[in-house]
Structures are given as C-alpha cells and as structure tokens.
Amino acid sequence: MYDKITPPTTGAKITFKNGEPVVPENPIIPFIQGDGTGIDIWPATEKVLNAAVAKAYKGTRKISWFRVYAGDEACDLYGTYQYLPQDTLTAIEEYGVAIKGPLTTPVGGGIRSLNVALRQIFDLYTCVRPCRYYAGTPSPHKTPEKLDVIIYRENTEDIYLGIEWKQGSEIGDRLIKFLNEELIPATPEHGKKQIPLDAGIGIKPISKTGSQRLVRRAIKHALLLPKNKQQVTLVHKGNIMKYTEGAFRDWGYELATTEFRQETVTERESWILGNKEKNANLSLEENARMIDPGFDSLTPEKKAQIVKEVETVLNTIWESHGNGKWKEKIMVNDRIADSIFQQIQTRPDEYSILATMNLNGDYLSDAAAAIVGGLGMGPGANIGDSCAIFEATHGTAPKHAGLDKINPGSVILSGVMMLEFMGWQEAADLVKKGLGDAIANSQVTYDLARLMEPPVKPLKCSEFADAIIKHFG
Ligand SMILES: NC(=O)C1=CN([C@@H]2O[C@H](COP(=O)(O)OP(=O)(O)OC[C@H]3O[C@@H](n4cnc5c(N)ncnc54)[C@H](OP(=O)(O)O)[C@@H]3O)[C@@H](O)[C@H]2O)C=CC1
Ligand SMILES: O=C(O)CCC(=O)C(=O)O
Ligand SMILES: [Mg+2]
C-alpha cells in the first residue's frame, strides 16, 4: 500500500462518524515534521504531547506516531519535485487525524502552497485559530488579556483556489480580451471599465455552500461557549466586493436566521426588539429611523424596505426573542474587514468568534496572534467532515531553522487542539497548565524573552519543551 513508509505496528485508526472522530486508546497519528524550523519544533512538540498523554492516562492511552513526508524532506526521500507524495496523502486519508509543521511556499512562481493543497485535497473547510492570552506573556499591546477570539476561516476557496493566469500568458490575454470585449460591455453596471492589457488575473470564488458550512461550524462552536462569549462576527469587505465578500455576509445571516433561528439574534434584530421594548408604542417608521441613522435622506423605496424589515422582525420573532429573550441568544453581527483589524486592538473584549473568508482570515490570524505574544503563540486546526490536520498559524521562519531557538508553542498548542478534538481533555489540560506556568515563570524562548521587562535569558526550543513538562505538576 505504501511505497517508502511503514505504519507503526501497534495502534488503530481514528474513524469519523457524523463528522465526529471516534478515537481508539492507541491511535496512529501521521505527522509531517515540516520545512525550516520544523526540525526544531517537531521533536519538542512530540516530547511534550507524549509526556502529557503518559502522565494523564498512566499507560492506558498512547499515540503511535507515523512519520510521513511533505516539502523538502519528501523530495529528499521520493525524488525531485515530489513535494507531496501519494504515500502521505494515503496515510492522512487512512488515519483521519494528522499534525504538521510548516511547509515552504515560494513567492511569485514555483510550486503552489502544499499547506493549501492539503486543505483542499481533504476538504478541510474550517480553519480554526484561537487567539488567547497566557498570563505573563509579554506583548506590545497594553491589555492583551482582553483579546480572546477564535478565528473561523473558510479554508478551501477564495483566491486560495489558486486559479490565476500570469501577465502575458496566452490564456490570460485571451481572458482579458473576452472580458473587455464581451462580458464587461454586456454588464451595464460595469460601465466603460476595462482590465489593463498587461494585468495578471486571479479568480476569487466565494460560494454559498462554502460560506454557509463555515458559518454553521462557527455558530455550533459559539453554542458551546460561556454566555458572554456567544457571538459570531461575520468579517467581510462587502462594501467593495459585493458579490463575493458581501454575499458571504448575506449567506451567513441567512444561515443564522433559518437553521439557527431559535438560537440566534442578529445585531439589527436586537436593535429593533430593544427599541420596541423601551417604547411599546413606537411606530414601525420611528423604529426604522432609529436603526438607520441616514433614514430621512433615503429614497422612498429604501425607506419602505427598512420599515418592512422592522415589521417582519417584529411579526416573526417578537414572541420568541422579544422582552429581553434575545439577550440569551447568540449574537450574530458583521464588521468590515479593515475595521476589524483596528477593533481587535481598540475593543478586543467585544469580540468572540470571527468568521472570515480565506484571505481575510489569513491576515487576521497573524495580526491577532501578535497581540497575545506573536506567531510563537498561534495554534490552528484545519477541520473537515472526515479528516483534520492540525498546524500552527506561522510558517517555516527559515532564518531560525536548525538553531534550537524558535518557539514551539504554536505547534504544541495545535497539539492541544488535537487532543481536545480527540476528547483527550486531561492531557490537553496538562499541556496548557505546563505552558502557562512556564511562561508565568519567565521560562520562555527568544521571541518572548526579548519583550520581557526586565529582559530574561531565553530558553532554547528544546529547553522550553522540558520546562513545560516540568510544570505539568
Ligand atoms: N501553514 C504553513 O505551513 C505556513 C507556511 N508559510 C510559509 O513559510 C515560509 C516563511 O514565511 P514567512 O513570511 O517568513 O513567515 P513565518 O511565519 O515563517 O515567519 C515570520 C517571522 O515570524 C516570527 N515567527 C514565526 N514563527 C515563529 C515561532 N514559532 N516562534 C517565534 N517567532 C516566530 C519570526 O519573527 P522574528 O524573526 O522577528 O523573531 C519569523 O521570522 C514561506 O514559504 C511561507 O509561505 C507561511 C505561513 C503558514
Ligand atoms: O501556505 C502558505 O505558504 C501560507 C499559508 C498561510 O499563511 C496560512 O495558512 O496562514
Ligand atoms: Mg498565514
């Protein structure tokens, strides 16, 4: 079945039932060490996860690691350009849950992202990236503890689908000609716009199915959070990209107010209900004026539309959501993407789950990680209906590779997410405690040490792993 790798002789497969993992006591879990600093981070991660499982379950549970290859080391083993060998894909498909270090993607040309390819091949449509603060972590932000968000990033479409044509390529030029001469003139709203003849072209597909399955998972997660964190914010640039990013927002609201009607309230609905609660005699038009500050300057048609919106909300959900009942529901709101970058800094405690499309989520996850300690503290999971691959937010950080220096925190915390996904909460809790206590005792790698006041002597990557294990208690 495999060409150059052999699965462990002990252990069993994780399977999936209705999208949930069914985990044996001794699961076989494939791992990709990764390029660049993967060589430092992976051994540290494996050591910490093994120690936590051994301590939590005293030998009754154990992970059998199965080394599989991707990136540079795959080319070393399988031959030139064999960046993502079939063996690796077969192993991940067979064993269902995997964990990986970072993989290199060249800019401008060369291979497309192996990271993105894995997400697409296994339809891992949800990228989950929690950004939470561990006490004692130095941060450039004054109140990093106020940020506690989980980014739910759509993981398979948007411009990451990778359908692009290089400037000057034959098909790219044909496409521009076709658009300029036929499709754009046939679309009156585009007026006399034309695409520059020397442009590269990329396609940005955002589908209803892709958007709604992502938002569905985000809302399901919100249902499990404490009441004060039960909120999902749809992040988009829909003012500019109306039929892609704007549609993501609309489809998100549509899903929330149909599939989760009893569990959710939208921000606009909460305003309408709240206005009526404060003044039972408020007319529909007065209510409409209060939810839309520019109401009086709108056209009659637009005014009528908003009055109708108010009427529909009051007719359909007053009974289930009115008289303050909406305060017990999951709040679904939306924010423009550029605004959310400043909001997570200026009003971090107002946000909880941020549901995004692929590109916005990529940007936002590095920005949010920076607030809580940097890319060394940014874990992640790529989750589909029958497979999950855990990986950090950061990349290969090549200048630090092989120096036993880099912070393994993000991949270790990705391992924590994997243990939680498997239901091995006791082991996950041990790692979180160990990592939290190591940081609280200023036992940290260079990235955090340099931000501490007064500065502390940094631990090596491997020493940080040992410190975490010592702090299991
Ligand atoms: N999922 C994946 O596998 C990903 C892969 N990549 C790929 O990685 C390669 C390198 O990308 P690059 O843009 O340099 O981004 P990286 O995320 O690899 O690194 C950028 C900088 O972030 C800091 N950093 C990254 N990881 C850590 C860590 N574990 N601990 C502490 N600090 C960290 C370092 O800053 P400093 O030097 O200031 O300390 C580093 O120089 C590219 O080929 C890119 O495509 C990128 C993102 C995700
Ligand atoms: O695949 C890559 O090289 C980059 C991906 C990335 O930045 C991310 O998923 O956060
Ligand atoms: Mg990224």
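Preceding this paragraph is the structure being described.
Along each chain, residue indices are assigned from 1 in the same order as the chain's sequence is written. Ligands are numbered from 1 and chains lettered from A, in the order in which they are written. The predicted origin of the model limits local features to residues at a pLDDT of at least 70 and limits the giving and counting of side-chain atom pairs to 80 or more, whereas totals for whole chains, interfaces and linings rest on all residues. Calculation of side-chain values draws on the structure's entire complement of heavy atoms; hydrogens and water are dropped beforehand.

Draft legend 1. Examining the side chain of glutamate 94 more closely. Secondary structure counts use DSSP, requiring at least four H or I residues in a row for a helix and at least two E residues in a row for a strand, with both numbered from the N terminus. Among the structural elements, glutamate 94 can be located in helix α3 (residues 86–95). Here the side chain of glutamate 94 touches lysine 13 through a polar contact of 2.9 Å, side chain to side chain. Working rule for contacts: check all heavy atoms of both residues, and any pair within 4.5 Å makes them a contact. With sequence-adjacent residues up to four places away left out, glutamate 94 is seen in contact with Met1, Tyr2, Lys13 and Ile14. In protein, a polar contact requires one atom able to donate a hydrogen and another able to accept it; more generally it is a pair of N or O atoms within 3.5 Å, and residues adjacent in sequence count only if both atoms are side-chain atoms.

Draft legend 2. Structural detail: the pattern of salt bridges. Between Lys or Arg on one side and Asp or Glu on the other, a salt bridge is scored when a side-chain nitrogen of the former is within 4 Å of a carboxyl oxygen of the latter. Considering all chains together, one arrives at 29 salt bridges under this definition. The salt bridge partner of glutamate 94 is lysine 13, with a shortest N-O separation of 2.9 Å. With a gap of 81 residues between them, glutamate 94 in helix α3 and lysine 13 in the segment before β1 (15–17) connect regions that are remote in the sequence. Between buried and exposed lies partly exposed: a residue is buried under 20% and exposed over 50% of the maximum accessible area for its type, with that area taken using a 1.4 Å probe on protein chains only. Judged by its relative accessible area of 40%, lysine 13 is partly exposed. Taking the shortest distance from any N to any O, the salt bridge between arginine 289 and glutamate 285 comes out at 3.1 Å. Taken together, the residues arginine 289 and glutamate 285, both in helix α9 (residues 284–291) and four residues apart, mark about one turn of the helix. According to the relative accessible area criterion, glutamate 285 is partly exposed, its value standing at 40%. Taken together, the salt bridges that share partners define one network made up of Lys100, Arg119 and Glu391.

Draft legend 3. Just the packing of aromatic side chains, in detail. Side-chain rings of Phe, Tyr and Trp, where Trp is taken by its six-membered ring, are said to pair if the distance between their centres is within 6.5 Å; with planes under 30 degrees apart they count as stacked, over 60 as edge-to-face, and otherwise as tilted. Scanning the model with the defined rule gives eight aromatic pairs in all. Ring centres of phenylalanine 31 and tryptophan 65 lie 6.2 Å apart, and the angle between their planes is 85 degrees; this geometry places the pair in the edge-to-face category. In this pair, phenylalanine 31 sits in strand β3 (residues 28–32) while tryptophan 65 sits in strand β4 (residues 64–68), placing the two residues 34 residues apart along the sequence. This pair shows no difference in class: phenylalanine 31 is buried, exactly as tryptophan 65 is. When the ring of phenylalanine 66 is compared with that of tyrosine 95, the centres are 5.8 Å apart and the planes differ by 90 degrees; the resulting orientation is edge-to-face. Separated by 29 residues along the polypeptide, phenylalanine 66 in strand β4 and tyrosine 95 in helix α3 bring together distant segments of the chain. On the basis of relative accessible area, phenylalanine 66 is assigned to the buried category, the value being 2%. Here a set of aromatic residues connected by ring pairs shows up, and it is made of Tyr2, Phe66 and Tyr95. Note on geometry: a ring has a charge over it if NZ (lysine) or CZ (arginine) is within 6 Å of the ring centre and within 35 degrees of the ring normal. Lying over the aromatic face of tryptophan 318, lysine 276 brings its terminal NZ or CZ to 4.9 Å of the ring centre.

Draft legend 4. Quick look at the nonpolar core. Here, nonpolar core means buried Ala, Val, Leu, Ile, Met, Phe, Trp, Tyr and Cys residues that are tied together by side-chain atoms lying within 4.5 Å of each other. Counting 76 residues, the largest nonpolar core has Trp65, Ile99, Val232, Phe390, Met418 and Leu435 as the members making the most contacts within it. For this core, the leading source of residues is helix α13 (residues 409–422), giving nine residues. Residues within four places of tryptophan 65 in sequence aside, it is in contact with Pro8, Ile29, Phe31, Trp42, Glu46, Leu49, Asn50, Ile99 and Met418.

Draft legend 5. Local environment of the pairing of β3. Along β3, five of the five residues are buried, which leaves the element largely enclosed by surrounding structure. Pairing of β3 with strand β5 (residues 97–100), which is carried by two bridges, proceeds in the parallel orientation. Within the sheet, the bridge partner assigned to isoleucine 32 lies in β5 and is lysine 100. Following DSSP output, two strands are said to pair if at least two bridges run between them.

Draft legend 6. How the structure looks around unusual backbone geometry. In the segment running from glutamate 453 into proline 454, the intervening peptide bond is cis, with an omega of -5 degrees. Positionally, proline 454 belongs in the loop between α15 (446–449) and α16 (461–470). One non-glycine residue, asparagine 18, adopts positive backbone phi at about 50 degrees. Checked against the element boundaries, asparagine 18 lands in the loop between β1 and β2 (20–22). Unusually for a residue other than glycine, serine 442 sits at a positive phi of about 60 degrees. Structurally, serine 442 is set in the loop between α14 (425–440) and α15.

Draft legend 7. Broad picture of the site of ligand 1. To be near a molecule or strand, a residue needs just one of its heavy atoms within 4 Å of it. In the region of ligand 1, 23 residues are neighbours, and Gly395, Ala397, His400, Asn407 and Tyr446 sit closest. Backbone polar atom of alanine 397 to an oxygen atom of ligand 1: 2.7 Å apart, as the coordinates give it. For the area figures, the Shrake-Rupley method with a 1.4 Å probe applies, and any residue is considered shielded solely by the protein chains shown. In the complex, the protein chains occlude 71% of the 880 Å² of accessible area that ligand 1 would expose alone. Where the shell around ligand 1 is concerned, the elements lending two or more residues are α4 (114–121) and α15. By the convention adopted, Pro, Cys, Tyr, Trp, Phe, Met, Ile, Leu, Val and Ala count as nonpolar, Lys, Arg, Asp and Glu as charged, and the other residues, Gly among them, as polar. Among the residues making up the shell around ligand 1, the classes are represented as seven nonpolar, 10 polar and six charged.

Draft legend 8. Seen up close, a nonpolar patch on the surface. Taken together, Leu161, Ile163 and Ile203 make up a surface patch of nonpolar side chains, about 210 Å² in accessible area. Note on placement: isoleucine 163 falls in the loop between β7 (148–154) and β8 (164–165). Residues enter a patch when their relative accessible area is above 30% and they make no salt bridge; the linking distance is 9 Å between like charges and 5 Å between nonpolar side chains (Val, Leu, Ile, Met, Phe, Trp, Tyr).

Draft legend 9. The arrangement of the environment of lysine 13 in detail. Considered as a pair, lysine 13 and isoleucine 317 are 304 residues apart in the sequence and their alpha carbons are 46 Å apart. Residues contacting lysine 13, with those up to four places away along its chain left out, are Val22, Pro24, Glu94 and Tyr95.

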